[in-house]
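Examination of the molecular architecture
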Amino acid sequence: MDLHARYRLTKVINARGTFTPLGVSRSTPQVGEAVAAALGEFFVIDELQDRASAALARWSGAEAGTVVHCAAAAITVSVAATMTGTSAEKIAALPDATGLSSRVVIPAGHVVDYGQSILQAIRLAGAAPVVADGDIDAALAHPETASLLLVSSRLVRGPALDLAETVRAAHRRGVPVIIDAAAQDLRVRDVVATGADLVLLSGQKYLASPTAGLVVGRAALLAAVRAQEKGIGRAMKASKEAIAGVLAALEAREGMDLAAWQAVQRGKVSAFVERVSRLPGLRAAVVDDPTGLPLARAQVTVAPARARLDAAGLASRLQAGDPPIWAMAHDTARGNLVFELVPLSDAEIEMIVVRLQQAIA
Ligand SMILES: *Cc1c(COP(=O)(O)O)cnc(C)c1O
């Protein structure tokens, strides 16, 4: 079914990566089939979640896992779990945190905005975010600290923290650690290996399941995360079709040859870079993901004098055209546009080259 034609929707070329306002990723037909099959059936949802837990544990190397609505929801229910444990009474009382340890420490550079400030995702649980600008250990020392929240993402600012070392420092204080690693599913085992108690991911990013928040980690804490469904987590639960889609996406990931996939992605990016470099006023280079994801992107640098427009101007020109092309525009101040090609077809990549050529002509 052509939804764009049926509902008069704009067909965009998304070179911006796993970007929520554009629909994040493209799922495979196999994932689509699992979702469609689930929609027509009943399940014992707890059993479906048990199967997801086993599959998530096998995939990530963690003890257990669960599926919630999205990664933002996963932050809120994970923070809640570190405040309430499995106490039904405490879970029912949230977001009223009276009498609970509710300080959630987060390093200043990890206060990210993924379309919502992560501080609000913390506050939604009734917790009080404590932004540590400098001495994290001093911030952890307070007796009412419920957890430490860290972020593994290219949105993180400032000097990189050694995550494993920071996890050990928190554990010395008896403080559990949550890592928001929303787009890091391709290196989930590395993040789990930091020793964090809970690791949170977006299923809909590179894993390309339906929208889903994946929580993996220690079994005892996972029980407290699942228990939130009878409290504030009610509005953040996963649908049956999302859980079925996650199971199908995990099966596909287990059968995936990462080295071969990486070679294909690199080939796409190199060919694109070679062609764009020949356009007057543009330079292009293959750049690796700054967070250690095993994928490369194409960075296009604009020489305004020759191209007769700057990087920001080029970004708007691409976005205003037909079809709109969305590139990553976080580095336009330094003259750069970045293109992520992972989900794009050859025809779409060809279209980007043609439109770049027209924009500077
Ligand atoms: C995408 C993202 C989120 C939000 O994920 P959703 O699944 O859309 O809620 C949170 N944190 C980071 C670092 C992200 O990249």
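In this report, we go over the structure that sits alongside the text. Fair warning: this is a prediction, and the values are worked out from it, not measured in the lab.

1. Focus: the overall build of the protein
- In terms of regular secondary structure, the protein is built from 15 helices and 12 strands.
- By principal-axis analysis of the C-alpha atoms, the protein measures approximately 65 × 50 × 35 Å.
- The buried share among the 361 residues of the protein stands at 51%.
- Contacts in the protein between residues far apart in sequence, at least 24 positions, make up 69% of those at least 6 positions apart.
- Carbon together with sulfur atoms contributes 53% to the accessible area of the protein, which is approximately 16,700 Å² in total.
- Here the protein contributes 36 positive and 35 negative side-chain charges, whose respective centroids are spaced 5 Å apart.

2. A closer look at the site of the ligand
- The environment of the ligand is formed by Thr-20, Cys-70, Ala-71, Ala-72, Tyr-114, Ser-153, Asp-180, Ala-182, Ser-202, Gln-204 and Lys-205.
- In this structure, an oxygen atom belonging to the ligand sits 2.8 Å away from a main-chain N or O atom of Ala-71.
- Taking Asp-180, its side chain carries an N or O atom lying 2.6 Å from a nitrogen atom of the ligand.
- When the free accessible area of the ligand is taken as 380 Å², the share hidden by the protein chains comes to 90%.

3. Observations regarding the side chain of Thr-84
- In this structure, Thr-84 sits in helix H4 (residues 71–84).
- A relative accessible area of 5% places Thr-84 in the buried class.
- Separated by 2.9 Å, the side chains of Thr-84 and Gln-228 make a polar contact.
- Among residues more than four places away in sequence, those in contact with Thr-84 are Lys-90, Ile-91, Leu-94, Leu-100 and Gln-228.

4. Points about the packing of helix H14 (residues 311–320) against helix H15 (residues 346–360)
- Relative to each other, H14 and H15 sit at 120 degrees, their axes nearing to 10 Å. By the angle between their axes, H14 is oblique relative to H15. For the element pair H14 and H15, the recorded crossing hand is right-handed. On H15, the residues that touch Leu-314, Arg-317 and Leu-318 of H14 are Arg-355, Leu-356 and Ala-359.
- Split by residue class, the contact of H14 with H15 holds 4 nonpolar, no polar and 2 charged.

5. Brief notes about the pattern of salt bridges
- Taken as a whole and assessed by the stated rule, the structure comprises 16 salt bridges.
- Between Asp-190 and Arg-187 there is a salt bridge, with its nearest N and O atoms 3.8 Å apart.
- Each of the salt bridges in this network shares a partner with another, and the network as a whole consists of Asp-46, Asp-50 and Arg-226.

6. Digging into the sheet that holds strand S10 (residues 296–302)
- On the basis of which strands lie adjacent, the open sheet formed by 3 strands has the order S9-S10-S12 and antiparallel pairing. On the outer flanks of this sheet lie strand S9 (282–288) and strand S12 (336–339), each paired with one strand and no other. Shown here is a sheet whose adjacent strand axes are inclined to one another by a mean of 25 degrees, direction ignored.
- Summarising the sheet, S9 and S10 pair through 7 bridges and their orientation is antiparallel. Residue pairing for S10: Val-287 is matched across the bridge by Arg-297.

What counts, and at which threshold
- Residues numbered from 1 in each chain as written.
- Predicted model: local features only at pLDDT ≥ 70, side-chain atom pairs only at ≥ 80, totals over all residues.
- Heavy atoms only, no water.
- Helix = DSSP H or I, 4+ residues; strand = E, 2+ residues; numbered from the N terminus.
- Buried < 20%, exposed > 50% of the residue type's maximum accessible area, 1.4 Å probe, protein only.
- Contact = heavy atoms within 4.5 Å.
- Areas by Shrake-Rupley, 256 points an atom, 1.4 Å probe, with all protein chains shown as cover.
- Lys, Arg positive; Asp, Glu negative; His and termini not counted.
- Charge placed at Lys NZ, Arg CZ, Asp CG, Glu CD.
- Near = heavy atom within 4 Å.
- Polar contact = N/O pair within 3.5 Å; in protein donor to acceptor, adjacent residues only side chain to side chain.
- Axes fitted to C-alpha atoms, helices over the stretch in contact; angles between N-to-C directions.
- Parallel < 35°, antiparallel > 145°, perpendicular 65-115°, else oblique.
- Left-handed = near helix turned anticlockwise from the far one by under 90°.
- Nonpolar A, V, L, I, M, F, W, Y, C, P; charged D, E, K, R; others polar.
- Salt bridge = Lys/Arg side-chain N within 4 Å of Asp/Glu carboxyl O.
- Pairing = 2+ DSSP bridges.

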